[in-house]
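# Observations on the three-dimensional arrangement
Chain by chain, the residues run as shown.
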Amino acid sequence: MKTVIFAGGLGSRLGEETALKPKPMVEIGGKPIIWYIMKHYAKYGFEDFVILLGYKGSMIKDYFLNYSLYNSNILVDLESGTNTFLTNQEENWKVTLLDTGEKTMTAGRLKQAKDIIGNETFMMTYGDGVSDINLDELLNFHKGHNGCISLSSVQPEGKWGALEEEKDGLITKFSEKVKGDGSWINGGFFVCDNEIFDYIQGQSNDVMFESEPLEKLAKDKQLYAYRHSGFWKCMDTLKDKNDLESMLESNSSPWITW
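Keep in mind that this is a model prediction, so the values were computed, not measured.

Moving on, we get to helix H2 (residues 33-43). Within H2, 10 of the 11 residues are buried, leaving the element largely enclosed by the surrounding structure. Along H2, the positions that sit buried rather than exposed are Ile33, Ile34, Trp35, Tyr36, Ile37, Met38, Lys39, His40, Tyr41 and Ala42. Looking one or two residues beyond H2, the residue adopting positive phi is glycine 45, at roughly 90°.

What follows is the structure, given as structure tokens:
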């Protein structure tokens, strides 16, 4: 099963960090946040990734093309001109790096991955959020209803997309970035059936997946929420980055599940 990761946004609220690099490459404890996300998916056996690139996407390409170099100890023999890897931290990952345009919105980015994804059910997430969510339970939840998409819902401070749910997880209304107080919100870990592409029609480069498509999916009773009451953190601002760094330094980093 493929895992699609949105990795093309500007991340302007991270200031100088994203003036130099794309948001998924901002480091926590010396590792880019996208690495932590991918390690979590790999723990559950999801190792086939499709990364949707945009802003400064070449840096993400460079990271994965040189993954062994960046994650191994190396003996460089200048006399002979040979290099020997003393350790090798290769992952069993397959990574497709797809340029989707610097200014393309999320619906347009996802639409460009349709042929790569094929007719499969697939995982999907954002390249700036970490969690200890049980992905096996999320997938089982998805298989247990008749909708074509499941999203994880979480309860952080009220500043994200608020949901209205019925008891079985069916979402009856989706509103993006509504201020709230304890509402369950979109945590961004999705399971999607291929039918969601029916909701991304025509010219979609200027369309946010989190607006028209999700709103229509909710209206058609195709969108369900899996409630995750554990750890979730989106690195939206420098404070969020610093909070994650502090947690890592204090050996309190629940998103490291492997």
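Note that serine 246 resides in helix H9 (residues 238-249). Using a relative accessible area of 43% as the deciding quantity, one classes serine 246 as partly exposed. Note: C-alpha distance between serine 246 and isoleucine 28 (218 residues apart in sequence) is 9.4 Å.

The next point concerns the pattern of salt bridges. Under the criterion given, the structure shown has 11 salt bridges. Note that aspartate 99 is salt-bridged to lysine 61, the shortest N-O span being 2.7 Å. With aspartate 99 in strand E7 (residues 94-99) and lysine 61 in helix H3 (residues 57-65), this residue pair connects regions lying 38 residues apart in the sequence. Look at aspartate 99 and you get partly exposed, because its relative accessible area is 47%. One salt-bridge network, held together by shared partners, links Lys233, Lys239, Asp240 and Asp243.

Bringing a nonpolar patch on the surface into the picture now. A contiguous nonpolar patch, built from Leu69, Tyr70 and Phe85 and spanning about 300 Å² of accessible area, is present on the exposed surface. Structurally, leucine 69 can be placed in helix H4 (residues 67-70). Assessed through its relative accessible area of 44%, leucine 69 is described here as partly exposed.

A word on the side chain of serine 253. Structurally, the position occupied by serine 253 is in the segment after H9. Discounting residues that sit within four places of it in the chain, serine 253 has contacts with Met247 and Leu248.

This paragraph deals with the packing of aromatic side chains. To describe a pair of aromatic rings, you give the distance between the ring centres and the angle between the ring planes. Per the counting criterion, the structure on display carries 17 aromatic pairs. Consider the rings of tyrosine 41 and phenylalanine 189, whose centres lie 6.0 Å apart with planes at 20°: the pair is stacked. Highlighted residues: tyrosine 41 in helix H2 and phenylalanine 189 in strand E13 (residues 185-192), separated in sequence by 148 residues. You'll find tyrosine 41 and phenylalanine 189 in the same group, each marked buried. Feature note: the residues Phe49, Tyr63, Phe64, Tyr67, Tyr70 and Trp93 constitute an aromatic cluster, connected by ring pairs. The side chain of lysine 31 reaches across the aromatic face of tryptophan 35, ending 4.8 Å from its centre.

Let's shift gears to the pairing of strand E1 (residues 2-7). In terms of residue burial, E1 counts as a mostly covered element, since six of its six residues are buried. With burial as the criterion, each face of E1 is covered, one bearing Lys2, Val4 and Phe6 and the other bearing Thr3, Ile5 and Ala7. In this sheet, strand E4 (residues 48-53) lies alongside E1 in parallel orientation, the contact comprising six bridges. Counted as the bridge partner of alanine 7 is leucine 53 from E4. Pairing of E1 with strand E8 (residues 122-126) involves four bridges; the strand directions are parallel. Pairing of valine 4 across the sheet is with methionine 124, part of E8.

Rules of the game
- Residues numbered from 1 in each chain as written.
- Predicted model: local features only at pLDDT ≥ 70, side-chain atom pairs only at ≥ 80, totals over all residues.
- Heavy atoms only, no water.
- Buried < 20%, exposed > 50% of the residue type's maximum accessible area, 1.4 Å probe, protein only.
- Helix = DSSP H or I, 4+ residues; strand = E, 2+ residues; numbered from the N terminus.
- Salt bridge = Lys/Arg side-chain N within 4 Å of Asp/Glu carboxyl O.
- Patch = residues over 30% accessible without salt bridge, like charges linked within 9 Å, V, L, I, M, F, W, Y side chains within 5 Å.
- Areas by Shrake-Rupley, 256 points an atom, 1.4 Å probe, with all protein chains shown as cover.
- Contact = heavy atoms within 4.5 Å.
- Phe/Tyr/Trp six-rings, centres within 6.5 Å; stacked < 30°, edge-to-face > 60°.
- Lys NZ or Arg CZ within 6 Å of the ring centre and 35° of its normal.
- Pairing = 2+ DSSP bridges.

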